[in-house]
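Below are the chains, spelled out letter by letter.
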Amino acid sequence: MTSSIILAGLGLAVVGYGGRALMRQMPNAATKMQEALKNMPKFDAEMMASSKYYRGGFDAKMNKREASLILGVSPSASKAKVKDAHKKIMLLNHPDRGGSPYLAAKINEAKDFMDNTK
């Protein structure tokens, strides 16, 4: 019985000293946290503008620029490059594999447009 009281007292002492040490470190931890938050990279419009992905929706009517952006080829790409790019992107975005039917239609429209303008 006395040993359990002694152990309980020692446990409370350890918790008390630990809490005291933690409370003394709180101001330092708060300043370190504020410095870390200041040094984090900011996600703003400039960062998004330098992204390799095209931001924006589709045009109302398909044009050569949009078709080449969708397929990831240059506007003056050969039919073989257009065909290869179309095949690669359709494998990734086909509706049977979980892709969007709308995106698949736009990809096909871009391929048809690039084929008809050559």
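Here the structure is shown first, and the text comes after it.
Keep in mind it's a predicted model, so treat the numbers as computed, not measured. (Residues numbered from 1 in each chain as written. Predicted model: local features only at pLDDT ≥ 70, side-chain atom pairs only at ≥ 80, totals over all residues. Heavy atoms only, no water.)

Student: When you look at the environment of Asp115 in this model, what are you seeing that I'm missing?
Tutor: Looking at where Asp115 falls in the secondary structure, it is placed in helix H5 (residues 101-116). Residues Asp115 and Ser78 lie 37 residues apart in sequence; the distance between their C-alpha atoms is 9.0 Å. (Helix = DSSP H or I, 4+ residues; strand = E, 2+ residues; numbered from the N terminus.)

Student: Explain the pattern of salt bridges here, please?
Tutor: Where charged atoms from two side chains of opposite charge approach closely, those side chains can pair. Taken as a whole and assessed by the stated rule, the structure comprises 2 salt bridges. Across the pair Glu109 and Lys106 runs a salt bridge, and its minimum N-O distance is 3.4 Å. Placement of the pair is Glu109 and Lys106 together in helix H5, with a separation of 3 residues, close to one helical turn. The partly exposed category is assigned to Glu109, whose relative accessible area is 33%. Using a relative accessible area of 8% as the deciding quantity, one classes Lys106 as buried. Close ionic contact of Lys111 with Asp115 constitutes a salt bridge, the shortest N to O distance being 3.0 Å. Residue Lys111 and its partner Asp115 are both found in helix H5; the two are separated by 4 residues, about one turn of the helix. (Salt bridge = Lys/Arg side-chain N within 4 Å of Asp/Glu carboxyl O. Buried < 20%, exposed > 50% of the residue type's maximum accessible area, 1.4 Å probe, protein only.)

Student: In this structure, what is going on with the packing of aromatic side chains? I would like to understand it.
Tutor: Ring pairs (aromatic) are described by centroid distance and by the angle formed between their planes. Going through the model one piece at a time under the given rule, you end up with 1 aromatic pair. Relative to Tyr102, the ring of Phe58 lies with its centre 5.7 Å away and its plane at 70 degrees, an arrangement referred to as edge-to-face. With Phe58 in the loop between helix H2 (45-49) and helix H3 (64-71) and Tyr102 in helix H5, this pair connects stretches of sequence that are 44 residues apart. (Phe/Tyr/Trp six-rings, centres within 6.5 Å; stacked < 30°, edge-to-face > 60°.)

Without other data, these values stay purely geometric and don't point to any function.
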